[in-house]
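Analysis of the macromolecular model
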Amino acid sequence: MKLFFTPTSPYARKLRVLIRQKQLQVTEVLVNPWQGDKLDNPLGKIPYLLQENPQLPEAAQLLVDSRVITQYLDQQPSDHSLLIPEENAMRFQVLSIEAMADGIADATAAMVMAMRVDSEFASEKWFDWQQQKIIKTIEWLDHQLQDSFWLVGDQMTVADVALVCALDFINFRRPDISWQQHGPSLHEWFDCCLKAKHFVDTDPRLADWLSDKAICLSQIPSPTNNQASGNGDSESTS
Ligand SMILES: N[C@@H](CCC(=O)N[C@@H](CS)C(=O)NCC(=O)O)C(=O)O
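So, here is what we can say about the structure in this document. Along each chain, the written sequence defines residue order, and numbers are assigned to residues from 1. Only residues with pLDDT of at least 70 are given local features in this predicted model, and only at 80 or more are side-chain atom pairs given and counted; all residues enter the totals for whole chains, interfaces and linings. As a rule here, side-chain values come from all non-hydrogen atoms in the structure, and water together with hydrogens is ignored.

Our focus in this paragraph is the site of the ligand. Taken together, Ser9, Tyr11, Trp34, Gly44, Lys45, Ile46, Pro47, Asp65, Ser66 and Ser238 are the residues near the ligand. Between the ligand and serine 66 there is a distance of 2.5 Å, counted from an oxygen atom to a side-chain nitrogen or oxygen. For the area figures, the Shrake-Rupley method with a 1.4 Å probe applies, and any residue is considered shielded solely by the protein chains shown. When the free accessible area of the ligand is taken as 510 Å², the share hidden by the protein chains comes to 78%. Here the shell around the ligand is built from residues that sort into four nonpolar, four polar and two charged. Only a single heavy atom is needed: when it lies within 4 Å of a molecule or strand, its residue is near that molecule or strand. Residues adjacent in sequence count toward polar contacts only when both atoms are side-chain atoms; beyond that, a polar contact is any pair of N or O atoms within 3.5 Å, and within protein one must be able to donate a hydrogen and the other to accept it. Put simply, Ala, Val, Leu, Ile, Met, Phe, Trp, Tyr, Cys and Pro go in the nonpolar bin, Asp, Glu, Lys and Arg in the charged bin, and everything else, Gly too, in the polar bin.

Following isoleucine 46, the chain continues into proline 47 via a peptide bond in cis, with omega recorded as 0 degrees. Put simply, DSSP H or I for four residues or longer makes a helix, DSSP E for two residues or longer makes a strand, and each gets a number counted from the N terminus. Turning to its location among the elements, proline 47 is positioned in the loop between β2 (27–30) and β3 (48–50). For glutamine 23, which is not glycine, the phi torsion reads 50 degrees and is therefore positive. By secondary structure assignment, the location of glutamine 23 is in the loop between α1 (10–21) and β2.

A word on the nonpolar core. The biggest cluster of nonpolar side chains holds 52 residues, and the ones touching the most others in it are Leu73, Leu163, Leu167, Leu186 and Trp189. Counting only elements with at least two residues in this core, the list comes to α1, α3 (66–74), α4 (88–116), α5 (124–144), α6 (158–173) and α7 (184–193). In terms of residue count, the dominant contributor to this core is α6 (eleven residues). Residue contributions to this core reach at least three from each of two domains, namely domain 1 (2–81 + 203–225) and domain 2 (88–199). Those residues in contact with leucine 167, other than ones at most four positions away along the chain, are Ile138, Trp179, Leu186, Trp189 and Phe190. Buried residues of nine kinds, namely Ala, Val, Leu, Ile, Met, Phe, Trp, Tyr and Cys, make up a nonpolar core once their side-chain atoms join them within 4.5 Å. Burial classes: relative accessible area under 20% of the type maximum marks a residue as buried, over 50% as exposed, and values in between as partly exposed (1.4 Å probe, protein chains only). Where each domain begins and ends is defined by an automated method or by a domain database. Note on contacts: a residue pair is in contact if any heavy atoms of the two residues lie within 4.5 Å.

Printed below as a string of structure tokens:
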């Protein structure tokens, strides 16, 4: 299996934490959609996963969107417990919180993008609208932490992983958004979670270091990838 990612993407980080947590055998391939790397995902987005299972038709080997990929990875054989519970009520609660966390990352990425392009769409009102999505979701999630350390149930799930990645993405790209004021319990919880090894190892601030270490798309011999170039992340919005 190969996961195609950029080190600054909160969606990819969620998957990379999950891979480490479950000790799955996945090759992480560093790509840069903004610098012309040719991607298998027709949407031109990362992360995406290639299963490399010769028993499957080629089209079925490609998995796109991190929320599809979390479910796929969680179902892979592992000695570690599931990060998406099987019981329906908890399962959908976890998936819903994962979607909220990704929504926080979407709103943050949209603001980063808007600041980089000259867009009349990106008025002050539009920025406020994006920030309100983030703040209201954080306030809502802050209430979820009242009874237990984890967001759902009594062990870590994809909901926790996704939210830590999304909140750290705000800190990384929009540190001026003081989300901590709107989620004091979440703030304390976040600081504690962030110290865990898998989050430290996937810190987007390590991107420069990582680009030397990770496998680059341009180094993989494949006829479909022969136009690949570069691995920097200077243009990335994520
Ligand atoms: N919903 C998608 C979002 C993925 C996404 O937006 N990825 C960004 C990087 S963080 C991307 O590839 N952007 C390039 C583009 O949109 O062209 C997921 O969860 O995988």
